[in-house]
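Coordinate inspection notes
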Amino acid sequence: MSSLLLTFYGDDFTGSTDSMETLEWGGIPTVLFLEPPDETLVREHFPDVRVIGVAGVSRSLSPAQMDDALPPIFEAVRALGAPAFHYKVCSTFDSSPTLGSIGRATEIGLHIFGDQLVPLVVGAPFLRRYVAFSNLFARVDDVTYRLDRHPTMSKHPATPMNEADLRLHLGRQINRQIAALNLLHLTQPLEALRGSLKALREDGAEIVVFDTLDDTHLRTIGNLLDDLREEAAAKGETLLIVGSSGVEKALALHWQDSGVTSLPAPPESPGAVNQLIVISGSAAPATAAQIEWAEANGFAVVRLDTIQLMDSATAESARTAAVELALEQIRAGRSIVLYTAYGPEDPHIARTREHLAALSLDPASVSGRLGTQLGLILKALLEQTGLRRAVVCGGDTCGYAARQLGIYALSAIYPVAPGAPLCRAHSHDLAFDGLLIALKAGQVGKPDFFGSILSGIA
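Please read these numbers as outputs of a predicted model, since none were measured by experiment.

Right, let's get into the sheet that holds strand β7 (residues 135-140). Here we have 3 strands laid out as an open sheet, ordered β6-β7-β8, and antiparallel in their pairing. Each edge of the sheet is formed by a strand with only one pairing partner; in this case those strands are β6 (129-132) and β8 (143-146). Strand-to-strand, the axes of this sheet are offset by a mean angle of 30°, without reference to chain direction. In this sheet, β7 lies alongside β6 in antiparallel orientation, the contact comprising 4 bridges. Across the sheet, residue R129 finds its bridge partner in β7, namely A138.

Summarising the element assignment, H348 is placed in helix α12 (residues 347-358). For the pair H348 and T306, spaced 42 residues apart in sequence, the C-alpha to C-alpha distance is 8.4 Å. The contact partners of H348, leaving out residues within four places of it in the chain, are R303, L304, D305, T306, I307 and T340.

The next subject is the nonpolar core. Formed by 77 residues in total, the largest nonpolar core has its most connected members in F13, I277, L378, L381, L410 and I437. If one sorts the elements of this core by residue count, helix α13 (residues 366-385) sits on top with 7 residues. What I277 contacts, discounting residues up to four positions off in sequence, is I330, I336, L378, L381, L382, T385, L387, R389, A390 and V391. In this structure, V118, A138, I178 and A180 belong to the second largest nonpolar core, which totals 39 residues.

Here the focus is the side chain of D311. As for its position among the elements, D311 is in the loop between α10 (306-309) and α11 (315-331). Within the buried core, D311 has no salt-bridge partner, and the shortest N-O distance to an opposite charge, that of R369, equals 6.7 Å. Contacts of D311, omitting those with residues within four sequence positions, involve H355 and L359.

For the structure shown, the criterion picks out 20 salt bridges. Across the pair D165 and R167 runs a salt bridge whose closest N-O atoms are separated by 2.8 Å. On the basis of relative accessibility, which here comes to 9%, the residue D165 falls in the buried class. Take R167: its relative accessible area is 33%, and that puts it in the partly exposed class. Between R176 and E206 there is a salt bridge, and its shortest N-O distance comes to 2.9 Å. Of the two residues, R176 is situated in the loop between α5 (166-171) and β9 (178-181) and E206 in the loop between α6 (190-202) and β10 (207-210); the sequence distance between them amounts to 30 residues.

In this section: the pairing of β10. Neither face of β10 is exposed, since I207 and V209 on one face and V208 and F210 on the opposite face are all buried. By the bridge criterion, 4 bridges tie strand β5 (residues 118-121) to β10 in an arrangement that is parallel. Bridging across to β10, V121 finds its partner in F210. For the handedness criterion, the β-α-β arrangement of β9, α6 and β10 is classed as right-handed.

Okay, helix α7 (residues 215-234) next. Compared with the 28 Å implied by 1.5 Å per residue over 20 residues, the 28 Å span of α7 between its first and last C-alpha is a close match. The set of residues buried in α7 consists of H217, L218, I221, G222, N223, L224, L225, D226, L228, R229 and A232. Tucked into the core, α7 has its buried residues touching β4 (84-88), β5, α6, β10, β11 (239-243) and α8 (246-257). Structurally, the start of α7 carries an N-cap: the backbone nitrogen of T216 is 3.1 Å from a side-chain oxygen of D214.

Attention shifts here to the packing of aromatic side chains. Per the counting criterion, the structure on display carries 10 aromatic pairs. Ring plane angle 15° and centroid distance 5.8 Å describe the contact between Y9 and Y87, whose orientation is recorded as stacked. With Y9 in strand β1 (residues 6-10) and Y87 in strand β4, the pair connects residues that are 78 residues apart, well separated along the chain. Site record: aromatic cluster; members linked through ring pairs are Y9, F74, F85, Y87 and F113. It is K249 that lies over the ring of F126; its NZ or CZ is 5.7 Å from the centre. Just above the ring of F449 sits the side chain of K440; from NZ or CZ to the centre is 5.9 Å.

Moving on to α13. If you check α13, its first and last C-alpha atoms are 29 Å apart, about what 20 residues at 1.5 Å a residue would give, namely 28 Å. Among all positions of α13, only G368, L370, G371, Q373, L374, G375, I377, L378, A380, L381 and L382 are buried. After α13 finishes, the residue G386 shows a positive phi value of roughly 75°.

Looking now at the pairing of strand β17 (residues 420-427). Burial runs high along β17: 7 of the 8 residues are buried. By the bridge criterion, 7 bridges tie strand β16 (residues 407-417) to β17 in an arrangement that is antiparallel. When the sheet's bridge partners are listed, L410 is paired in β17 with A425. Linkage of β16 to β17, two consecutive antiparallel strands, is achieved through a turn of 2 residues, within which G419 is found at a positive phi near 90°. With 3 bridges connecting them, β17 and strand β18 (residues 436-440) associate as antiparallel partners. Its bridge partner lying in β18, C423 is registered against I437.

Quick look at the side chain of H426 now. Position of H426 relative to the elements: it lies in strand β17. Dropping the residues within four chain positions of it, H426 is found in contact with F46, I407, Y408, A409, L410, S411 and D433.

A separate point is the packing of α13 against helix α14 (residues 395-402). Two elements in contact, α13 and α14, have axes whose closest approach is 7 Å; the angle formed by their N-to-C orientations is 55°. The orientation of α13 relative to α14 falls into the category oblique. Relative to α14, α13 is oriented so that their crossing is right-handed. Between α13 and α14, the residues in contact are S367, G368, G371, T372, L374 and G375 and D396, T397, Y400 and A401, respectively. Taken together, the residues of the contact of α13 with α14 sort by class into 3 nonpolar, 6 polar and 1 charged.

Rules of the game
- Throughout this document, residue positions are counted from 1 along each chain, in the order its sequence is written.
- Per-residue local features are limited, in this predicted model, to residues with pLDDT of at least 70; the limit for side-chain atom pairs, both in listing and counting, is 80 or more; totals at the level of whole chains, interfaces and linings are taken over all residues.
- Hydrogens and water are ignored here; the side-chain numbers use all heavy atoms of the structure.
- At least two DSSP bridges between two strands are required for those strands to pair.
- Comment: elements are numbered from the N terminus, with helices defined as DSSP H or I runs of at least four residues and strands as E runs of at least two.
- Helix axes are fitted only over the stretch in contact, all axes being lines through C-alpha atoms; the angle between N-to-C directions runs from 0 to 180 degrees.
- What makes two residues a contact is simply this: any of their non-hydrogen atoms within 4.5 Å.
- Take the buried residues of types Ala, Val, Leu, Ile, Met, Phe, Trp, Tyr and Cys, join any two whose side-chain atoms come within 4.5 Å, and each joined set is a nonpolar core.
- Categorising residues by exposure relies on relative accessible area from a 1.4 Å probe, with only protein chains included: less than 20% of the type maximum marks a residue as buried, more than 50% marks it as exposed, and the intermediate range marks it as partly exposed.
- Asp and Glu count as negative and Lys and Arg as positive, but His and the ends of the chain are not part of the count.
- The rule for a salt bridge is simple: a side-chain nitrogen of Lys or Arg has to be within 4 Å of a carboxyl oxygen of Asp or Glu.
- Seen with the strands pointing away from the viewer, any crossover whose path from the first strand over the helix to the second strand runs clockwise is right-handed.
- In a helix, the anticipated span is given by 1.5 Å times the number of residues less one.
- Two N or O atoms count as a polar contact when they lie within 3.5 Å, although within protein this holds only if one can serve as hydrogen donor and the other as acceptor, and sequence-adjacent residues are included solely when both atoms are side-chain atoms.
- Centres within 6.5 Å make a pair out of two Phe, Tyr or Trp rings, where for Trp the six-membered ring is used; the pair is then stacked when the planes are under 30 degrees apart, edge-to-face when over 60, and tilted otherwise.
- Any Lys NZ or Arg CZ that is within 6 Å of a ring centre and within 35 degrees of that ring's normal is treated as a charge sitting over the ring.
- Throughout, the term roughly parallel applies to angles under 35 degrees, roughly antiparallel to angles over 145, roughly perpendicular to angles from 65 to 115, and oblique to all others.
- Each crossing gets its hand from how the near helix is turned against the far one by less than a right angle, where anticlockwise is left-handed and clockwise is right-handed.
- Polar here means any residue other than Ala, Val, Leu, Ile, Met, Phe, Trp, Tyr, Cys and Pro, which are nonpolar, and Asp, Glu, Lys and Arg, which are charged; Gly is therefore polar.

Listed below in structure tokens is the structure:
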């Protein structure tokens, strides 16, 4: 499809919607699919699309699972013919050598798309994520933390960040030469910076980390990425890029500056609804604050029994009980939040881990087991109530939960919080076609995020 500017694969669902909204609000028509689409589907249903994304779950996979899952997806995306492919990761670089390995995914990408210099762009200033001399920082309220001292990411239950230098963190996952273009490089005129990048390539660099503090840096990076994209296109090849939605922001800014696209009119609010269903698999403090806000503002708030939900012997009965309890509250006219954890210090997390260990369950399977159960609960509630607006919280949870709804694609329709737009679902099942749903990473959004989705006001 020669009209495509870019394709991307998100290693979790919320990160995928983040990239989609960055492009859509930047004037580049984008559709996010749950599986790689064929050209006929795209041509018939989305003729104006310029970027195609695929929402994935590889952040929750082991390297062996990635070896099985990613090659056919990358091959299918490559067949769409875009000159650049972005392996999209979280702006907090969630990964480890054994879970969600960005290094292993990069190796698979190099095998599919061919050996080349891989730009690594993680900084996303619009999400308050910054890279300085290859170290990753994130801002919480008025405090900027290095990632290995971040109150959430340093304690992440699956992939705690104990090294903020991206070269070292990634170097534990891949045996490739990693170089950097730092803040001092970025002060150079563009031609000199192109020369610096060329010199790194000639010196054997295989991956280059880009520092990023602001939109000026993103514009410069977007220019360099587009150079590499056009170079690949001229050779009939595909540029491989790894990084956060800073990649999409950089390219969108550059394409606006160069006249490839222009900013669209502001999207219209979808309006308010009377009730909302929220399913949360997140232990992030931001989500805990949102659950607290919901309870204080009339939502029914129900803790889910994660121990029973992840035990195959009790999962069905636990799911049925949760649905019945939720239906009572919804039929009483209330919105509802069903959650698995209340912040990172919730003692139920430790109890669940102990139970899973006693069952000898593979830790790599936990996200899939729980996310699937939450998706089945959401599906049952939507089918039995007819409600048409929902929220799913937790990056890993969203990917597995959304797949239970038979949705094949999403379009961003309204910005609510950076990285968490309200989306329209496209489904072959009429029960879910047109559903408005927000798929939110745990750390994203203000305390009243659920209220914003309910009211349709950003």
